Amino acid sequence: MTATSIRVAGVPEHFNLPWHLGRERGAFARAGIDLQWRTVPQGTGAMCDMLRSGEVDLAVLVTEGAVRDLLTHGYGKIIANYVDTPLVWGVHVGAGTEVHQRAQVKGLPFAISRPGSGSHLIAMSYAKANGWTPTADDFVVVNDLKGAVERMQAPDPLLFLWERTTTAPLVRNGTFRRVDEYRPAWPCFMVVAGNAALAEYGPLIDVLLRVLRDQAKGLMMKKDGAALVAERQGLDPADAAEWFASVRWNTDGRVDARALHTVADTLHAVGLLDRSFSLEEVQERLVRK
């Protein structure tokens, strides 16, 4: 059987382990899929650009980024909840700054990977939840985690929101200081497909998602799953165990339109969508039928 290539993009983080396990075990190949994985350290904003240009067929995006970009540009659909649990964002400053606690962060500028990225959208949401509204001048583009590490060595404080477990080693080694955490009220990752990919590979994408859910289900059942995550991602075993105990990948194939509507409402409230959308509009515009 000749395998069909499907190009998938995702960040270099522990959430995407089911994809890698499926590739290494030959699970996608046995299903007739040559899964071409693209690691994108720059995150959701960059992957949205790749989807719009047709550079990739699917991407694993943070939910708020997927919702905003699809409602704005309409080039694809959310085809699966990928991770059902919320993302826990660490709120960081450089360890050399004079900011030591949450009470000192109001009004500080943010480091973000790029405009429209998850780190940008969640920074706006975090600021709104804590009583201030950043302007365009309050964002400093650092491209990725490596860029944030370099920029935040400066003495002038920037806030940087990034997934807590990923940044835990940087907090532990004294690069970052974590001064707060933020947990939005929605699932953290979605799988998005471009319209061209859906038209060309629709039935095969369904097969791909079944394989992916099987891999995620098997990983969650592994007694040594946390140890595997720690080994593969270079994480402290305690950090990996805490994260693994809290995360739930989606295994039923259901896309939660009400959660997506909550995200759209939040994005509108912080000025990142120019109008509100009804639940019916969200369902129609975002979710694959």
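Here the structure is shown first, and the text comes after it.
Residues numbered from 1 in each chain as written. Predicted model: local features only at pLDDT ≥ 70, side-chain atom pairs only at ≥ 80, totals over all residues. Heavy atoms only, no water.

Enquirer: Looking at this structure, I do not really get the sheet that holds strand β2 (residues 33-39). What am I missing?
Expert: Pairing between the strands of a sheet is mediated by backbone hydrogen bonds and can be parallel or antiparallel. Taken in spatial order, the 5 strands line up as β2-β1-β3-β10-β4 in an open sheet, and their pairing is mixed. The strands lining the two open edges of the sheet, one partner per strand, are β2 and β4 (76-83). Sheet twist, expressed as the average angle between the axes of neighbouring strands with direction ignored, equals 25°. By the bridge criterion, 2 bridges tie strand β1 (residues 4-10) to strand β3 (residues 58-62) in an arrangement that is parallel. Of the residues in β3, the one forming a bridge with valine 8 is leucine 58. Set on the sheet, helix α8 (residues 195-221) makes contact with β1, β2, β3, β4 and β10 (189-194); between it and β4 the angle comes to about 15°. (Pairing = 2+ DSSP bridges. Helix = DSSP H or I, 4+ residues; strand = E, 2+ residues; numbered from the N terminus. Axes fitted to C-alpha atoms, helices over the stretch in contact; angles between N-to-C directions. Contact = heavy atoms within 4.5 Å.)

Enquirer: Honestly, the packing of helix α1 (residues 17-24) against helix α9 (residues 225-233) in this entry has me stumped. Any pointers?
Expert: Helices that pack against each other are described as a pair by the angle of their axes relative to one another and the distance between those axes. Orientation of α1 relative to α9, taken along the N-to-C sense of each, is 85°, at an axis distance of 12 Å. Here α1 lies roughly perpendicular to α9, going by the angle between them. For the pair α1 and α9, the contacting residues are Leu17, His20, Leu21 and Glu24 in the first and Leu228, Val229 and Arg232 in the second. The residue makeup of the contact of α1 with α9, split by class, is 4 nonpolar, 1 polar and 2 charged. (Parallel < 35°, antiparallel > 145°, perpendicular 65-115°, else oblique. Nonpolar A, V, L, I, M, F, W, Y, C, P; charged D, E, K, R; others polar.)

Enquirer: I tried to follow the sheet that holds strand β8 (residues 159-163) on my own but got confused; where do I start?
Expert: With mixed pairing, 5 strands are arranged side by side in an open sheet as β7-β6-β8-β5-β9. Where the open sheet ends on each side, the last strands, each with one partner, are β7 (139-141) and β9 (176-182). Adjacent strand axes in the sheet meet at a mean angle of 35°, parallel and antiparallel pairs treated alike. Bridge count between strand β5 (residues 89-94) and β9: 6 bridges; the pairing is antiparallel. Pairing of glycine 94 across the sheet is with phenylalanine 176, part of β9.

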